[in-house]
Amino acid sequence: MGRYIYLLACFFMANVLPAQDFDRYFTDKTLRVDYAFTGCAGQQSIWVDELSSLPGWSGRRHHLSEIPLGGYGQIVMRDLENGTVIYRTSFSTLFQEWLETDEARSLSKSFENTFLLPYPKQPVEIEVTLFDKRLQPKASLKHEVDPSDILIRPKGNGRVTPHRYLQKSGASEQCIDVAILAEGYTENEMEAFYQDAAIACESLFSHEPFRSLKDRFNIVAVASPSEESGISVPRLGDWKKTAFNSHFSTFYSDRYLTTSRVKSVHDVLAGIPYEHIIILANTEEYGGGGIYNAYTLTAAHHSLFRPVVVHEFGHSFGGLGDEYFYDDDVMTDTYPLDVEPWEPNITTRVDFASKWEDMLPQHVPVPTPAAESGKYPVGIYEGGGYSSKGVFRPADNCRMRTNEYPAFCPVCQRAIERIIRFYTE
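Residues numbered from 1 in each chain as written. Predicted model: local features only at pLDDT ≥ 70, side-chain atom pairs only at ≥ 80, totals over all residues. Heavy atoms only, no water.

Draft legend 1. Structural detail: the sheet that holds strand S4 (residues 85-91). Pairing is antiparallel in the open sheet, where 4 strands are placed in the order S4-S3-S6-S7. Among the strands making up the open sheet, the edge pair consists of S4 and strand S7 (137-145). Going from strand to strand, the sheet's axes swing by 15° on average, the running direction of each strand aside. (Pairing = 2+ DSSP bridges. Helix = DSSP H or I, 4+ residues; strand = E, 2+ residues; numbered from the N terminus. Axes fitted to C-alpha atoms, helices over the stretch in contact; angles between N-to-C directions.)

Structure, rendered in structure tokens:
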């Protein structure tokens, strides 16, 4: 029953609520809300940290009460006077990934999380909800925001971090604003960063559907300086003083590169239009990470930089799941087999009709045998979401499965295109 409640919140409500008029409810500013997500595997809590305002609003001005994907968390903003849903967004977090680790069974921690919301004209109620891997609500918080509150701190009106536009297609109201940040680059290394940012931009737009819809993006490279050059590599005992304190070995996985200092990321961006974030790490080590509607972080000087930055952006922007899996005798419980994942490119076949069933040729067997993968560009191939059994992917290979494959599969391409059009149409 919980799965259906979750789907109802994600899709049914999004589709039946009337379109909201941005100018009726919002002004051209951004409400930045910093939260602390705290707890352990058994119990979680949400706390408000700080409210601030930013000049301009770079997000969508339509589909305000809708979300394209469920994620593992949602924020709903309601008009305080009449309860009307005036904005909704979804996300995933590093905190929720940590909850699945062994450490979370015996230790409580706090994680920073920052979200950008359109700035309301009148008092609102904001509700934040976190879901577990079964898509059941596990923690929630409601709090009121009065836009005239004198303790909402203005940011971004003074000194702005130096930046260059690599792609400028139009005004923020018509385009998706992506900021590329420097991590582990000193002041003297910023020209190298701008070159790396240009490579990331080129790599992204070499893939469909980004190539065909390039004119819907603005890409800005932001020269956020670090005190020391390089990135922290804990397995080598090498710790650096960098802009965002990122490091490898997140959750003791050596190639998992993340930062938990989310507020510092957003502080650097204050005053620059942005919706989505790519962070480039000045390192030759292999690794990266991508969290839906949070950020992409990837190593810029490894030989696989180009495919990895695109793969990770597939996570953070498109909400795509990993299509690779481990050895045949290795199973994970990341995706319960009796729950349909929210990611659009993997399925447990609990609700396959909501995924890519409509893209299958009439004669495709179910499931598609991997041995016959060459016959069908789209099928149902067992193995995905880290598990060799019970989780299925749409293609034999894809950018979301291996670094060697040169493109997103047709299902991933359609999913990304839908996200782009959701933001821009």
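Back to the text.
Draft legend 2. How the structure looks around empty space enclosed by the protein. With the rule as written, the count across this model stands at 3 cavities of 30 Å³ or more. Considered as a void within the structure, the largest cavity measures approximately 640 Å³ in volume. For the largest cavity, the lining is made up of 46 residues, of which Thr114, Phe115, Leu116, Glu275 and Asn293 are closest to its centre. Ranked by the residues each element gives to the lining of the largest cavity, the list is headed by strand S5 (residues 109-120), at 6 residues. (1 Å grid on protein atoms, 1.4 Å probe; cavity = no way out; pocket = protein on both sides within 12 Å on 5 of 7 lines; lining within 4 Å. Points joined across faces, edges and corners; volume = space filled by probe spheres on them.)

Draft legend 3. Representation of the packing of aromatic side chains within the structure. By the definition in use, this model includes 31 aromatic pairs. Ring centres 6.0 Å apart and planes at 85° place the aromatic pair tryptophan 57 and tyrosine 87 in the edge-to-face group. With a gap of 30 residues between them, tryptophan 57 in the loop between strand S2 (44-55) and strand S3 (73-79) and tyrosine 87 in strand S4 connect regions that are remote in the sequence. For tryptophan 57, a relative accessible area of 6% translates into the label buried. (Phe/Tyr/Trp six-rings, centres within 6.5 Å; stacked < 30°, edge-to-face > 60°. Buried < 20%, exposed > 50% of the residue type's maximum accessible area, 1.4 Å probe, protein only.)

Draft legend 4. Quick peek at the pattern of salt bridges. Under the defined criterion, the tally for this structure stands at 26 salt bridges. Among the salt bridges present, the one from aspartate 267 reaches arginine 32, with a minimum N-O distance of 2.8 Å. Of this pair, aspartate 267 sits in helix H5 (residues 262-269) while arginine 32 sits in strand S1 (residues 26-39), and the two are 235 residues apart along the sequence. Of the charged contacts, one joins arginine 421 and glutamate 417 as a salt bridge, the two residues approaching to 2.9 Å between their closest N and O atoms. Placement of both arginine 421 and glutamate 417 in helix H7 (residues 410-424) is noted, with a separation of 4 residues, approximately one turn of the helix. Residue classification places glutamate 417 among the partly exposed residues on the basis of a relative accessible area of 29%. A single network of salt bridges, built from pairs that share partners, joins Arg32, Asp34, Glu50, Arg153, Lys155 and Asp267. (Salt bridge = Lys/Arg side-chain N within 4 Å of Asp/Glu carboxyl O.)

Draft legend 5. Structural context of unusual backbone geometry. Going from glutamate 208 to proline 209, the amide bond is cis rather than trans, its omega being 5°. Its location among the elements puts proline 209 in the loop between helix H4 (190-204) and strand S11 (217-222). Despite not being glycine, leucine 135 has its phi angle at roughly 65°, a positive value. Here leucine 135 lies in the loop between strand S6 (124-131) and S7. Relative accessible area serves as the criterion here: at 2%, leucine 135 is assigned to the buried category. Although it is not a glycine, phenylalanine 251 adopts a positive phi angle of roughly 55°. Looking at the secondary structure, you find phenylalanine 251 in the loop between S11 and H5.

Draft legend 6. Examining the environment of histidine 163 more closely. Mapping histidine 163 onto the fold places it in strand S9 (residues 163-167). Among the residues examined, histidine 163 registers a relative accessible area of 33% and is labelled partly exposed. Taking the C-alpha atoms as reference, histidine 163 lies 5.5 Å from alanine 221; in sequence the two are 58 residues apart. Here histidine 163 is in contact with Tyr194, Val220, Ala221, Val222 and Ile272, once residues within four sequence places are set aside. Separated by 2.8 Å, the side chain of histidine 163 and the backbone oxygen of threonine 161 make a polar contact. (Contact = heavy atoms within 4.5 Å. Polar contact = N/O pair within 3.5 Å; in protein donor to acceptor, adjacent residues only side chain to side chain.)

Draft legend 7. Structural view of the side chain of arginine 414. Take arginine 414: it is sitting in helix H7. A polar side-chain atom of arginine 414 sits 3.2 Å from the main-chain carbonyl oxygen of lysine 355. Among residues more than four places away in sequence, those in contact with arginine 414 are Lys355, Trp356, Asp358 and Met359.

Draft legend 8. Expanded view of the packing of H4 against helix H6 (residues 305-316). Running from amino to carboxyl end, H4 crosses H6 at an angle of 65°, the nearest separation of the two axes being 9 Å. Compared by their axis directions, H4 and H6 come out roughly perpendicular. Remark: the crossing between H4 and H6 carries right-handed chirality. Facing H4, whose interface residues are Asp196, Ile199, Ala200, Glu202, Ser203 and Leu204, H6 presents Phe305, Arg306, Val309, Val310 and Phe313. A per-class count over the contact of H4 with H6 returns 7 nonpolar, 1 polar and 3 charged. (Parallel < 35°, antiparallel > 145°, perpendicular 65-115°, else oblique. Left-handed = near helix turned anticlockwise from the far one by under 90°. Nonpolar A, V, L, I, M, F, W, Y, C, P; charged D, E, K, R; others polar.)

Draft legend 9. Here's a closer look at the sheet that holds S5. Taken together, 4 strands build an open sheet; the order of strands is S5-S1-S2-S8 and the sheet is mixed. Lying at the two open borders of the sheet, with one neighbouring strand each, are S5 and strand S8 (153-154). Sheet strands in contact with H5 are S1, S2 and S5, and its direction is about 35° off that of S5.

Draft legend 10. H6, seen in detail. Taking 1.5 Å per residue, 12 residues should reach 16 Å; H6 reaches 16 Å between its end C-alpha atoms and fits that length. With 11 of 12 residues buried, H6 lies mostly within the body of the structure. Within H6, the full set of buried residues consists of Phe305, Pro307, Val308, Val309, Val310, His311, Glu312, Phe313, Gly314, His315 and Ser316. Looking at the buried side of H6, the elements it contacts are strand S10 (176-183), H4, strand S12 (276-281), strand S13 (288-291) and strand S14 (295-299). (Expected span 1.5 Å × (residues − 1).)

Draft legend 11. Structural detail: H5. Listed in full, the buried residues belonging to H5 are Val262, Val265, His266, Val268 and Leu269. All buried residues of H5 fall inside an arc of 155° around its axis, so they share one side. As for H5, its buried residues are in contact with S1, S5, S10, S11, S12 and S14. (Arc of directions from axis to C-beta.)

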